[in-house]
Amino acid sequence: MTIVIQTPRLLLRELTDDDHAALYEMYQDARMNRFIGGPPPPREEYWRKVRDTWPAYYARHGFGLWATVRKEDGRLVGRCGLLAQEVEGERHVEVGYALAPEFWGRGYATEAARASRDHAFRTLDVPHLISLIHPDNAGSIRVAERNRMAFWKMAEFRTHRVRVYRITRAEWESLAGSKAD
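Everything in this summary refers to the structure shown in the same document. Note that the structure is a prediction, hence the values are computed from the model and not measured.

Some words on the packing of helix α1 (residues 17-26) against helix α3 (residues 43-61)
At step 1: It is the contact of α1 with α3, at a shortest axis distance of 11 Å, that shows an interaxial angle of 140°. The angle between α1 and α3 falls in the class oblique. Once α1 is placed against α3, the crossing between them reads as right-handed. Note on element contacts: α3 touches α1 through R43, Y46, W47, V50, R51 and W54, opposite D17, H20, A21, L23, Y24 and E25.
At step 2: In terms of residue class, the contact of α1 with α3 is made up of 7 nonpolar, 1 polar and 4 charged.

Some remarks on the side chain of R117
At step 1: Turning to its location among the elements, R117 is positioned in helix α4 (residues 108-123).
At step 2: Polar side-chain contacts of R117 include one of 3.0 Å to the backbone oxygen of N147.

Here's the deal with the pattern of salt bridges
At step 1: If you walk through the whole model with that rule in mind, you get 10 salt bridges.
At step 2: The closest approach of N and O atoms between D17 and R51, which form a salt bridge, is 3.4 Å. With a gap of 34 residues between them, D17 in helix α1 and R51 in helix α3 connect regions that are remote in the sequence.
At step 3: Residue E25 is joined to R43 by a salt bridge in which the shortest nitrogen-to-oxygen separation is 2.6 Å. In this pair, E25 sits in helix α1 while R43 sits in helix α3, placing the two residues 18 residues apart along the sequence.
At step 4: Looking at R43, the relative accessible area reads 40%, which means it is partly exposed.

A look at the side chain of N147
At step 1: One can find N147 in the loop between α5 (138-146) and β7 (150-157).
At step 2: Take N147: its relative accessible area is 0%, and that puts it in the buried class.
At step 3: When neighbours within four sequence positions are excluded, N147 is seen to be in contact with V95, A113, R114, R117 and I167.

Reading guide: rules and limits
Residues numbered from 1 in each chain as written. Predicted model: local features only at pLDDT ≥ 70, side-chain atom pairs only at ≥ 80, totals over all residues. Heavy atoms only, no water. Axes fitted to C-alpha atoms, helices over the stretch in contact; angles between N-to-C directions. Helix = DSSP H or I, 4+ residues; strand = E, 2+ residues; numbered from the N terminus. Parallel < 35°, antiparallel > 145°, perpendicular 65-115°, else oblique. Left-handed = near helix turned anticlockwise from the far one by under 90°. Contact = heavy atoms within 4.5 Å. Nonpolar A, V, L, I, M, F, W, Y, C, P; charged D, E, K, R; others polar. Polar contact = N/O pair within 3.5 Å; in protein donor to acceptor, adjacent residues only side chain to side chain. Salt bridge = Lys/Arg side-chain N within 4 Å of Asp/Glu carboxyl O. Buried < 20%, exposed > 50% of the residue type's maximum accessible area, 1.4 Å probe, protein only.

Don't take any of this as a statement about function, it's just geometry.
Structure (structure tokens):
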């Protein structure tokens, strides 16, 4: 398994079959799946989708969603990473994150999102990064704001109205120059 990013408390690495099985169980919790499209499809359909999708996705883009694992005990807390998205006809790279409710409020999502942001700007030639957030998802809005993203616009995304948060490369470079997170 390939570790992509390490933070003080977390490892972000490519997803394995075991991670997908654990994520499938996490997605059963309505608190977790409420803002990410609802519960997953039936188990067999989910497995076909992830087995066909993620290895090819990593190969095509060089990034994707990563297992977010707590270093202290190796527990999977959720997933975070980068997604190639098309929003209203424009291509973007999104910092996306979803953690199991038992890990909310501990700063893991912010830590993983910041590490993903920094990794993207260091390794990809992108002018900005976005996060797509359901308007009622106050927790994800807080994570985006702690990730130094600002509300950019409302947009249609896969039949949903979403808030789009954004940070530009210049803004990130300014943060990096000031040593601020």
